[in-house]
Amino acid sequence: MPYNITKLNLILNLELWLNYNKVQQLELSVIYQVLIYGLIIFTLIQMKDVDSPKYPVPGDEMAASCYVTPPIYYVNAVPHIGHAYTTITVDFVARFRRLCGQATLSVTGTDEHGEKVYKAAADAGEGPQEFCDRISQRFRDAWTALGIGNDDFIRTTDARHKRVVAHILEAVQAAGDVYYDEYDGLYCVGCERFMTDRDLVDGRCRDHHTVPEQRREGNYFFRMEKYRPWLNDHIRANPSFIRPDGYRNEVLSMLGDSIGALSISRPRERVPGGIP
């Protein structure tokens, strides 16, 4: 079955996505609205050859099911064009995969834990949960306005999410992969993690362009370095595990050096909310 640009246009239901009144609900400026339109059209152009081997079709090497998700979004601010673009792209992929006959699960949600979320709530003069409820709903409303057809919306403050996190951490701890230690280093609040010199450009976070804070604190850590050889071998043995090639090569380059341990907790004095 040929998947040409006209059929994909129908799948995406661009009449809904490009409806001015709907996009206006995101409170985007005119320039941002134009950018959204341009990005969607660009994505369509990139998909014009979807019936080529580059894009698997039924009968090719395609799994029976597909799970697709955008990054989980922090609720320290309302949705913006970046959130809209990544979520639209995920919805695009999900609709295409369903057309190909795959059982597809499309999930999005909001990350409601972290120091920057707690600070944003305080700046707004609201309690953390009240603030998260309000901003998370803004994300839901945005995806409704854009006609996003996600199958589920998960909040990290949901009881079901907390149960899964607790189960995973118990299993990881039982495997001996969690330990407590004090760490002294550079911390980026925007990234919610400690950083090394290779993460910085001219002494600033490459993503947030801010100077990280010097901090010393006790946390629980995950022994991430322990799994670096296995992950490196798995990616090399399964070239399609990360696509396109440029991103796979970037990850393999990072795995060429020690990746250390991952801090998986935050002191309660800094972040009162969280999963105990």
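The coordinates are above.
What you are looking at is a predicted structure, and each value in this text was computed from that prediction instead of being measured.

A closer look at the overall build of the chain
Reasoning step 1: When its secondary structure is counted, the chain shows 10 helices and 10 strands.
Reasoning step 2: Partitioning the contacts of the chain with sequence separation of at least 6, the portion at a separation of at least 24 is 72%.
Reasoning step 3: Taken as a whole, the chain presents about 16100 Å² of accessible surface, with 56% of it coming from carbon and sulfur.

Some points on the pairing of strand 5 (residues 178-188)
Reasoning step 1: Pairing of strand 5 with strand 9 (residues 213-222), which is carried by 10 bridges, proceeds in the antiparallel orientation. Its bridge partner being in strand 9, leucine 186 is matched across the sheet by glutamine 214.
Reasoning step 2: Relative to strand 6 (residues 193-195), strand 5 runs antiparallel, the two being bridged by 3 bridges. When the sheet's bridge partners are listed, cysteine 188 is paired in strand 6 with arginine 193.
Reasoning step 3: Where strand 5 hands over to strand 6, the hairpin turn is made up of 4 residues, of which glutamate 192 adopts a positive phi near 60°.

What about the packing of helix 9 (residues 228-237) against helix 10 (residues 245-254)?
Reasoning step 1: Two elements in contact, helix 9 and helix 10, have axes whose closest approach is 10 Å; the angle formed by their N-to-C orientations is 155°. Taken together, the axes of helix 9 and helix 10 are roughly antiparallel relative to one another. In terms of crossing hand, the pair formed by helix 9 and helix 10 is left-handed. Listed contacts from helix 10 to Asn232, Ile235 and Arg236 of helix 9 are Arg248, Val251 and Leu252.
Reasoning step 2: Within the contact of helix 9 with helix 10, the residues separate by chemical class into 3 nonpolar, 1 polar and 2 charged.

Conventions used here
Residues numbered from 1 in each chain as written. Predicted model: local features only at pLDDT ≥ 70, side-chain atom pairs only at ≥ 80, totals over all residues. Heavy atoms only, no water. Helix = DSSP H or I, 4+ residues; strand = E, 2+ residues; numbered from the N terminus. Contact = heavy atoms within 4.5 Å. Areas by Shrake-Rupley, 256 points an atom, 1.4 Å probe, with all protein chains shown as cover. Pairing = 2+ DSSP bridges. Axes fitted to C-alpha atoms, helices over the stretch in contact; angles between N-to-C directions. Parallel < 35°, antiparallel > 145°, perpendicular 65-115°, else oblique. Left-handed = near helix turned anticlockwise from the far one by under 90°. Nonpolar A, V, L, I, M, F, W, Y, C, P; charged D, E, K, R; others polar.

Note that all results are geometric; they support no functional claim without further evidence.
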